[in-house]
Amino acid sequence: LWKRGAEMSIADIHTHILPAIDDGAKDVDVSLELLSMMRAQGIDRVVATPHFYAGSTNIEKFTAARNTAYDSLKRAAEERNIELPQIKLGAEVYYFNGIGTSGGVRALTLGDSDYMLLELQNAPVTDLVVRDILNLYNSLGIFPVLAHLERFVHERGFEKIIELIEDDRAYAQVNADTLLDFSGRRTASKLIKRGLISFIATDTHSVRERPPRMAEALEAAGKKFGEEQQRDFIENGVSFFEEL
């Protein structure tokens with residue numbers, strides 16, 4: 001099995017490591033500490049995905065703030081002679097009605113790709129929601145990656161989301177913490193065993209409250225699901241990162 005320190009690239013496709021832009025890293029010191037923790041776990045490819053809420057900001061302001069945050073992180077790393085991992089910019093986009101026909105959301109995709117990290121609402125999954133998600137691809141050519149899918153399994157209509165994934169209309173990700181949490185790992189395990197999960201990601205926000213725990217999660221996945229599934233998670237993340 002893969003173990004911490006093994007010579008293998010690891011990608012983290014869902015993080016809040018940019019400074020002072022959302023409820024993640026509060027400043028560049030925290031950003032650099034989180035990235036140092038990630039590097040110690042073998043993570044050398046990172047997608048920065050600050051929260052985007054359509055109800056509280058617009059896309060132009062968000063992307064400008066995101067770019068400013070990234071520039072400040074790079075500048076701080078250069079001043080301190082710290083080597084950063086490969087970082088690509090994106091967003092964790094909170095679902096809103098009409099997202100599937102909102103042309104401006106293409107600016108929120110991951111890197112230069114057609115993928116979007118989409119956070120569902122804690123609300124019933126209606127046919128309207130499903131149609132909206134399908135329209136992301138049908139109307140805009142954007143392929144959704146559903147963030148921390150395990151959080152929504154108890155929502156009414158969740159089986160409609162499962163159908164999207166099984167029909168190859170969406171990918172899904174679970175949080176590393178969930179695989180290590182006694183109350184959540186059973187839910188995550190069921191999703192993984194059904195073949196619904198493509199990625200493990202840290203969704204890291206802070207050093208203490210939500211640190212990156214990728215190495216522990218991959219070790220747990222190896223023990224629970226076997227070497228092949230563990231390797232799939234690692235290779236899926238790296239291959240996906242290279243597409244961005």
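The text that follows walks through the structure, step by step, so that each part is easy to find. These figures come from a predicted structure and were not determined experimentally.

1. With respect to the packing of helix α7 (residues 214–225) against helix α8 (residues 227–243)
Okay, so step 1: Two elements in contact, α7 and α8, have axes separated by 7 Å at closest approach and are oriented at 145°. Facing α7, whose interface residues are Leu-218, Glu-219, Ala-221, Gly-222 and Phe-225, α8 presents Glu-227, Gln-229, Gln-230, Phe-233 and Ile-234.
Okay, so step 2: Its residues assigned to classes, the contact of α7 with α8 shows five nonpolar, three polar and two charged.

2. Some points on helix α6 (residues 185–193)
Okay, so step 1: Every buried residue of α6 is listed here: Thr-187, Ala-188, Ser-189, Leu-191 and Ile-192.
Okay, so step 2: Its buried side turned inward, α6 meets α4 (158–166), α5 (176–180), α7 and α8.
Okay, so step 3: Phi for Gly-195, located one or two positions after α6, is positive at around 75°.

3. Things to note about empty space enclosed by the protein
Okay, so step 1: Within the structure shown, the criterion is met by one cavity of 30 Å³ or more.
Okay, so step 2: Space inside the largest cavity adds up to approximately 50 Å³.
Okay, so step 3: The wall of the largest cavity is formed by Ile-10, Ala-11, Ile-13, Phe-199, Ile-200, Met-214, Leu-218, Phe-233, Ile-234 and Gly-237.
Okay, so step 4: Secondary structure elements with two or more residues in the lining of the largest cavity: β1 (10–15), β9 (199–201), α7 and α8.
Okay, so step 5: Of the residues that constitute the lining of the largest cavity, the class distribution is nine nonpolar, one polar and no charged.

4. Concerning the sheet that holds β9
Okay, so step 1: Ordered by their spatial adjacency, six strands build an open sheet running β3-β5-β6-β7-β8-β9, and the pairing between neighbours is parallel. Each edge of the open sheet is held by one strand with a lone partner, namely β3 (51–52) and β9.
Okay, so step 2: Where strand β7 (residues 143–146) meets strand β8 (residues 171–175), two bridges bridge the pair, whose relative direction is parallel. Residue pairing in the sheet places Val-145 in a bridge with Tyr-171 of β8.
Okay, so step 3: Where α8 meets the sheet, its contacts fall on β6 (115–119), β7 and β9, and the angle it forms with β9 comes to roughly 85°.

5. As for the packing of aromatic side chains
Each aromatic ring pair is summarised here by two numbers: the centre-to-centre distance and the angle between the ring planes.
Okay, so step 1: What the rule picks out here adds up to nine aromatic pairs.
Okay, so step 2: Between Tyr-115 and Phe-240, the ring centres sit 4.7 Å apart and the planes meet at 55°, which makes this aromatic pair tilted. Residue Tyr-115 is found in strand β6, and its partner Phe-240 is found in helix α8; the two are separated by 125 residues along the sequence. The same class applies to Tyr-115 as to Phe-240, namely buried.

6. Structural notes on the nonpolar core
Okay, so step 1: With 67 residues, the main nonpolar core has Ile-17, Val-105, Ile-161 and Ile-200 as its most contacted residues.
Okay, so step 2: The dominant element in this core, judged by the number of residues it contributes, is helix α2 (residues 59–79), at seven residues.
Okay, so step 3: For Ile-17, the residues in contact, after removing those within four places along its chain, are Ala-25, Ser-31, Leu-34, Leu-35, Met-38, Val-46, Ala-48, Leu-73, Ile-87 and Thr-204.
Okay, so step 4: Formed by 15 residues, the second largest nonpolar core is a distinct cluster that contains Ala-11, Leu-117, Phe-241 and Leu-244.

7. Focus on the layout of surface pockets
Okay, so step 1: The calculated volume of the largest pocket comes to roughly 210 Å³.
Okay, so step 2: Surrounding the largest pocket, Leu-179, Phe-182, Ser-183, Arg-185, Arg-186, Ser-189, Ala-220, Lys-224 and Phe-225 form its lining.
Okay, so step 3: Contributions of two or more residues to the lining of the largest pocket are made by α6 and α7.
Okay, so step 4: In terms of residue class, the lining of the largest pocket is made up of four nonpolar, two polar and three charged.

8. Here's the deal with the pairing of β7
Okay, so step 1: The alternating pattern of β7 places Phe-143 and Val-145 and Pro-144 and Leu-146 on opposite faces, both of which are buried.
Okay, so step 2: With four bridges connecting them, β6 and β7 associate as parallel partners. Considered in β7, the bridge of Met-116 is made with Pro-144.
Okay, so step 3: Following the chain from β6 across helix α3 (residues 127–140) to the adjacent parallel β7, one finds a crossover that is right-handed.

9. A word on the packing of helix α1 (residues 28–40) against α2
Okay, so step 1: Close contact between α1 and α2 brings their axes to 10 Å; oriented N to C, the two are set at 75°. Between α1 and α2, the interaxial angle falls into the category roughly perpendicular. In this structure, α1 contributes Val-28, Ser-31, Leu-32 and Leu-35 to the contact, and α2 contributes Ser-72, Leu-73, Ala-76 and Ala-77.
Okay, so step 2: Counted by class, the contact of α1 with α2 contains six nonpolar, two polar and no charged residues.

Cut-offs used in this document
- Position numbers for residues start from 1 in each chain and track the written sequence from start to end.
- Per-residue local features of the predicted model are confined to residues with pLDDT of at least 70, and side-chain atom pairs are confined, for both listing and counting, to 80 or more; whole-chain, interface and lining totals are unaffected and use all residues.
- To get the side-chain values, all heavy atoms of the structure are used, and hydrogens and water are removed first.
- Angles run from 0 to 180 degrees between N-to-C directions of axes, and those axes are lines fitted to C-alpha atoms, restricted for helices to the stretch in contact.
- Strands here are runs of E lasting at least two residues and helices are runs of H or I lasting at least four, both read from the DSSP assignment and numbered beginning at the N terminus.
- Contacts were defined at the residue level, with two residues in contact if any of their heavy atoms lie within 4.5 Å.
- Residues are grouped as follows: nonpolar covers Ala, Val, Leu, Ile, Met, Phe, Trp, Tyr, Cys and Pro; charged covers Asp, Glu, Lys and Arg; every other residue, Gly included, is treated as polar.
- Burial here depends on accessible area, computed with a 1.4 Å probe over protein chains only, as a share of the maximum for the residue type. Under 20% is buried, over 50% is exposed, and the range in between is partly exposed.
- With a 1 Å grid spanning the protein atoms alone, the term cavity applies to any set of points in which a 1.4 Å probe fits but cannot get out, the term pocket to an open set with protein on both sides within 12 Å along at least five of seven lines, and the term lining residue to any residue with an atom within 4 Å of a point.
- Grid points are joined across faces, edges and corners, and a volume is the space filled by probe spheres set on the points.
- Strand pairing requires that DSSP identify at least two bridges connecting the strands.
- Here a Phe, Tyr or Trp ring, Trp counted by its six-membered ring, pairs with any other such ring whose centre lies within 6.5 Å, and the pair is stacked when the planes are under 30 degrees apart, edge-to-face when over 60, and tilted otherwise.
- To qualify as a nonpolar core, a set must consist of buried Ala, Val, Leu, Ile, Met, Phe, Trp, Tyr and Cys residues joined through side-chain atoms within 4.5 Å.
- A right-handed crossover is one whose linking path, passing over the helix from the first strand to the second, runs clockwise when the strands point away from the viewer.
- Roughly parallel covers angles under 35 degrees, roughly antiparallel covers those over 145, roughly perpendicular covers 65 to 115, and oblique covers all other angles.

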